[in-house]
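Next come the chains, spelled out residue by residue.
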Amino acid sequence: MKKYSKLIIAAIIALIFIGTFVFLWQKSQPKEVVYDEFSPKQEDILKTTVITGKIEPRNEVNVKPQISGIITELLKDPGQYVQQGEVIAKVKVIPDMGQLSSAEARVRLSDINLKQAQVNYNREENLYKQKLVSADEFDKIKQALQQAKEEKAAAEDALQVVRDGVSKANASASSTLIRSTISGVILDIPVKVGNSVILANTFNDGTTIATVANMNDLIFRGNIDETEVGQLVSGMPMKITIGALQDLKFDAALEYISPKATESNGANQFEIKAAVKLAEGGKIRSGYSANAEIVLQKAEKVLSVPESAIEFSGDSTFVYVIKGEGKEKTYERTVVTTGLSDGVNIEIKKGITAKDKVRGPEIIADNEKEE
């Protein structure tokens, strides 16, 4: 029994040894190298770049009050369309005490002057009727009375404006009514009823009551790298894709290239603007993120091969032209003149024809990739 056990163990060891030897021998044998093969074809080669930016109105204005005060009423909401001159909000004036005192003093002084001018006029009128003064002198007194009346009216109007923000004479153009300065869509109303607002002056920009923009005239604004800006010219067509509206694409025309670069993350960037051509029914909101694709160079109906088939050596470029078939297949290294590349395919100007076949990169089996 022991004799048979020893024979079985020896046989197993021998089989393991032989199997290992065969496996290692097979692995050491050179494998046939298989390459991709490509046929040159006629096609358009486009060199493009994609610019990230956003969509915004060309004309966007901040509506600000002409007086300081408190918001008493908001008549519009964001998203509504307003005509130029339409009232957006109402403001209650908080008068400045210094200005109020001066206006009241002006009214009192004009009242005194008017009373004195009236007395002078009455006296002069009696003398004129008795022909004791000339018509020229009487006309001067009459004119002084009229000026005193105008001054009294102006002083009262000024007091009403300081105290109430509006006077009887200009009620229709009251500065307490905040009106839109352009026709367009209200993008934002950053104030609420009860908020204090101030007018613009040399010390501050004033409080924004509303932001209004013409949403029918939009532009794309983005930045392009300095390595590509030299290939841009005004009027170049662009394709705009909005991230939130993947199914919609818009045409645009480049209209502005900044003459000065700005540094961003260590790279020089140039600002560009393009006029967006809206499609019918396409509703775009201000501030949408967007990508703009620009064709920098184009070669139409040229002979091309995949760029992976090209061998670059110094200033020269080569392809391997396939000769023969089956086991007789050989690869002839051929000099070619290349042109425009889109990163996938490259233009072949000279060296091969559409009838030739060229060798591509080696095909790697899946099991080799895993190893």
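On a predicted model such as this, the values are computed, not experimentally measured, just so you know.

Asks: Sorry if this is basic, but what is going on with the overall build of the protein here?
Replies: A count of helices and strands for the protein gives five helices and 21 strands. For the protein, buried positions account for 31% of its 371 residues. Restricting to contacts in the protein with at least 6 residues of sequence separation, those with at least 24 account for 72%. In the form shown here, the protein has an accessible surface area of approximately 24,100 Å², with 51% of it arising from carbon and sulfur atoms.

Asks: Would you mind showing me how to read the sheet that holds strand β9 (residues 196–197) here?
Replies: Read across the open sheet, the four strands follow the order β7-β6-β4-β9; overall the sheet is antiparallel. Edge positions in the sheet fall to β7 (177–179) and β9, since each of these pairs with one other strand and no more. Across five bridges, the pairing between strand β4 (residues 69–74) and strand β6 (residues 87–93) is antiparallel. Note that in β6 the partner of Ile-71 across the bridge is Val-91.

Asks: In this structure, what is going on with the pattern of salt bridges? I would like to understand it.
Replies: Side chains carrying opposite charge are able to pair once their charged atoms draw close together. One pass over the full model with this rule turns up 15 salt bridges. In this structure, Glu-56 engages Lys-54 in a salt bridge whose closest nitrogen and oxygen atoms are separated by 4.0 Å. For Glu-56, a relative accessible area of 13% gives the class buried. For Glu-86, the salt bridge goes to Lys-76, with nearest N and O atoms at 2.6 Å. Of the two residues, Glu-86 is situated in the loop between β5 (81–82) and β6 and Lys-76 in the loop between β4 and β5; the sequence distance between them amounts to ten residues. The partly exposed category is assigned to Glu-86, whose relative accessible area is 28%. Given a relative accessible area of 16%, Lys-76 falls into the buried group. When salt bridges that share partners are traced, they join Lys-54, Glu-56, Arg-221 and Glu-271 into one network.

Asks: So what exactly am I meant to see when it comes to the pairing of strand β11 (residues 218–225) here?
Replies: Consecutive residues of a regular strand have side chains that alternate between opposite faces of the sheet. When strand β2 (residues 41–57) meets β11, the two strands line up antiparallel, connected through five bridges. By the bridge assignment for β11, Gly-53 is matched with Gly-222.

Asks: Quick question: what am I supposed to make of the nonpolar core here?
Replies: Proteins that are soluble and globular tend to have nonpolar side chains buried together. In this structure, Ile-55, Phe-220, Met-238, Ile-240, Ile-242 and Ile-272 are the most contacted members of the largest nonpolar core, which totals 27 residues. Breaking this core down by element, the ones donating at least two residues are β2, β11, β12 (237–242), β13 (245–257), β15 (267–277) and β16 (289–306). In this structure, Val-63, Ile-88, Val-91 and Ile-182 belong to the second largest nonpolar core, which totals 18 residues.

Asks: What is the right way to read the packing of aromatic side chains from this model?
Replies: Aromatic ring pairs are reported here in terms of the distance separating the ring centres and the angle at which the planes meet. Scanning the entire structure with this criterion turns up one aromatic pair. Ring centres 5.6 Å apart and planes at 35 degrees place the aromatic pair Tyr-121 and Phe-138 in the tilted group. Of the two residues, Tyr-121 is situated in helix α2 (residues 97–129) and Phe-138 in helix α3 (residues 135–164); the sequence distance between them amounts to 17 residues. The ring of Phe-318 has Arg-333 sitting right over it, with the charged end atom 3.7 Å from the ring centre. In this structure, Arg-359 is placed above the aromatic ring of Tyr-331, and the distance from its NZ or CZ to the ring centre is 5.0 Å.

Asks: Honestly, the side chain of Ser-110 in this entry has me stumped. Any pointers?
Replies: The residue Ser-110 is located in helix α2 in this model. Ser-110 sits in the buried class, given a relative accessible area of 2%. Once residues within four sequence positions are removed from consideration, Ser-110 is found in contact with Glu-151, Lys-152 and Ala-155.

Asks: Whenever I open this one, a nonpolar patch on the surface confuses me. Can you help?
Replies: Where nonpolar side chains cluster on the molecular surface, the patch consists of Ile-8, Ile-12 and Ile-16 and spans about 300 Å² of accessible area. Here Ile-8 shows up in helix α1 (residues 2–28). Ile-8 sits in the exposed class, given a relative accessible area of 53%.

Asks: Teacher, can you tell me more about unusual backbone geometry here?
Replies: Glycine aside, residues mostly have negative phi, and peptide bonds are mostly found in the trans state. You will see that Asn-265, though not glycine, has its phi angle at about 55 degrees, which is positive. Looking at where Asn-265 falls in the secondary structure, it is placed in the loop between β14 (262–264) and β15.

Asks: Sorry, what's going on with the sheet that holds strand β10 (residues 210–213) here?
Replies: Each strand in a sheet pairs with its neighbour through backbone hydrogen bonds, running either in the same direction (parallel) or in the opposite one (antiparallel). Strand order across the open sheet formed by four strands is β3-β10-β8-β5, with antiparallel pairing between neighbours. Both edges of this open sheet fall to β3 (60–63) and β5, since each of them pairs with a single strand only. Here β3 runs beside β10; their pairing, made up of four bridges, is antiparallel. The residue of β10 that forms the bridge with Val-63 is Ala-210.

Here is what the cut-offs are and how they apply
Residues numbered from 1 in each chain as written. Predicted model: local features only at pLDDT ≥ 70, side-chain atom pairs only at ≥ 80, totals over all residues. Heavy atoms only, no water. Helix = DSSP H or I, 4+ residues; strand = E, 2+ residues; numbered from the N terminus. Buried < 20%, exposed > 50% of the residue type's maximum accessible area, 1.4 Å probe, protein only. Contact = heavy atoms within 4.5 Å. Areas by Shrake-Rupley, 256 points an atom, 1.4 Å probe, with all protein chains shown as cover. Pairing = 2+ DSSP bridges. Salt bridge = Lys/Arg side-chain N within 4 Å of Asp/Glu carboxyl O. Core = buried A, V, L, I, M, F, W, Y, C linked by side-chain atoms within 4.5 Å. Phe/Tyr/Trp six-rings, centres within 6.5 Å; stacked < 30°, edge-to-face > 60°. Lys NZ or Arg CZ within 6 Å of the ring centre and 35° of its normal. Patch = residues over 30% accessible without salt bridge, like charges linked within 9 Å, V, L, I, M, F, W, Y side chains within 5 Å.

That is the geometry; function is a separate question.
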